[in-house]
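Descriptive analysis of the structure
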Amino acid sequence: MTKPSIYLIDKVTFLSLLRCWVHVTLINLSLTAIGLGIELGQIDDFDAGVSANWIWGRDGFGGPVVVADPSVSENAYLETESFGGEDAPGSRMALINREQWTGDFLAAGVSAIRLEAFNGGPNFAFQDMTIRLGFSSELASTGSGRVVTSQGFPVNRDDGWQQLEFDLNDLTPIAGSDPVEVMRSVSEMRIISAEDPLFIGDQFIARLGVDSITAVPEPSAASHWLGGVIAMFLWFRLQRVSG
């Protein structure tokens, strides 16, 4: 007696759909590789004891340092300071990366950046901060080629570590820039403290710790991978029933 089929599609159709999913996956991986920078799911955690290409904006004037976290074994974070003053080196709160956080964020499927932040100001002389992300593109042909996250997160003294997630679909263009154009060709990403959505950080005395900077996938990318897992499960299930 022939077993009744519990599937909505036959075996040949299912295999065709599975091959299409594999092809789309390979294309997405190729586009990510072409960017030579940003990769979905990449994370900077500083546990190796190096600053992971995060720098200050002016050469020859120091830079951020990796600090061991005494409360957690084998954990470290990146710490930076701003010193205030009138356009003096180090006066603004900004961390800059021109290496692994560059490239085509859209092709890579990155729609958000998640990080942990800590206001390390030890006393009243150190200010509360509003953390944002800024992006610039040397290839942009519209406006200044700069954008900044519209939402800024308050990181105040005595608040402890906080997890922040920045929506890259909500960006404020600077001087007429095209956010899509910028995010397809990012040449610099920066972590700043800016009360208003401006590309440069505010000038004040502050100390910032950051950790676990992570490239978060957009929902469609996550759904794509989940769909592949489900497809593989159904394939093995089909093989078992057919046998």
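Owing to the predicted nature of the structure, the values given are computational and were not obtained by experimental measurement.

1. Focus on the overall build of the chain
The helix and strand inventory of the chain stands at 4 helices and 13 strands. Taking all 243 residues of the chain together, 40% fall into the buried category. By sequence separation, contacts in the chain at least 24 residues apart represent 77% of the contacts at least 6 residues apart. Counting only carbon and sulfur atoms, one obtains 57% of the accessible surface of the chain, whose full area is about 13,200 Å².

2. Description of the side chain of E181
With respect to the helices, strands and loops of the structure, E181 is situated in helix α3 (residues 179-183). Despite being buried, E181 has no salt bridge partner; R184 is the closest side chain of opposite charge, sitting 9.5 Å away. Every residue in contact with E181, bar those within four places of it in the chain, is listed here: L139, A140, S141 and T142.

3. Concerning the packing of aromatic side chains
Across all of its chains, the model carries 5 aromatic pairs by this definition. Both rings, one in W56 and one in F83, keep their centres 6.2 Å apart while their planes meet at 80°; by these two values the pair is edge-to-face. Taken together, the positions of W56 in the loop between β2 (54-55) and β3 (65-68) and F83 in strand β4 (residues 76-83) put the pair 27 residues apart, joining distant regions of the chain. Their ring planes at 75° and their centres at 5.1 Å tell us that Y77 and W161 sit as a pair that is edge-to-face. Here the residue Y77 occupies a position in strand β4, and W161 occupies one in the loop between β9 (153-155) and β10 (162-167), the gap between them amounting to 84 residues. Exposure remark for Y77: the relative accessible area of 10% places this residue in the buried category. Three or more aromatic residues link up through ring pairs in this structure, and these residues are Y77, F118 and W161.

4. Here's the deal with the confidence of the model for the chain
Segments scoring low in pLDDT should not have their predicted coordinates read at a detailed level. Residue-level pLDDT values for the chain average 82, and 72% of them are 70 or greater. pLDDT under 50 marks residues 20-35. Its contacts with residues more than four places away, or in other chains, come to 14 contacts. Every residue in residues 220-226 scores below 50 in pLDDT, and together they form 8 contacts with partners more than four places removed in sequence or on other chains.

5. What about unusual backbone geometry?
The phi dihedral of N53 falls on the positive side, at around 70°, and the residue is not glycine. Tracing the backbone shows N53 in the loop between β1 (43-44) and β2. At A175, a position not held by glycine, the phi torsion is positive, near 55°. Within the secondary structure, A175 is located in the loop between β11 (171-174) and α3. A175 sits in the exposed class, given a relative accessible area of 60%.

6. A look at the nonpolar core
Residues F105, F135 and I213 are the most contacted members of the largest nonpolar core, which totals 36 residues. Those elements that place two or more of their residues in this core are α2 (105-108), β6 (110-119), β7 (129-136), β9, β10, α3, β12 (188-193) and β13 (205-217). Residue contributions to this core peak at 5 residues, all from β13. Residue contacts for I213: discarding those within four places in its chain leaves Q42, I43, D44, F46, W54, W101, I113, R114, L115, M189 and I191. Judged by nonpolar contacts, the second largest core, of 6 residues, contains A94, V148, I192 and F199.

7. Structural notes on the environment of L106
With respect to the helices, strands and loops of the structure, L106 is situated in helix α2. Residues L106 and V182 lie 76 residues apart in sequence; the distance between their C-alpha atoms is 10.0 Å. Setting aside anything within four residues of it in sequence, one finds L106 in contact with V180, M183 and R184.

8. So, the side chain of D211
Of note, D211 is situated in strand β13. Summary of buried charges: D211 has no salt-bridge partner, and the nearest side chain of opposite charge, R114, is 13 Å away.

Parameters at a glance
- Residues numbered from 1 in each chain as written.
- Predicted model: local features only at pLDDT ≥ 70, side-chain atom pairs only at ≥ 80, totals over all residues.
- Heavy atoms only, no water.
- Helix = DSSP H or I, 4+ residues; strand = E, 2+ residues; numbered from the N terminus.
- Buried < 20%, exposed > 50% of the residue type's maximum accessible area, 1.4 Å probe, protein only.
- Contact = heavy atoms within 4.5 Å.
- Areas by Shrake-Rupley, 256 points an atom, 1.4 Å probe, with all protein chains shown as cover.
- Lys, Arg positive; Asp, Glu negative; His and termini not counted.
- Salt bridge = Lys/Arg side-chain N within 4 Å of Asp/Glu carboxyl O.
- Phe/Tyr/Trp six-rings, centres within 6.5 Å; stacked < 30°, edge-to-face > 60°.
- pLDDT = per-residue confidence, 0-100.
- Core = buried A, V, L, I, M, F, W, Y, C linked by side-chain atoms within 4.5 Å.

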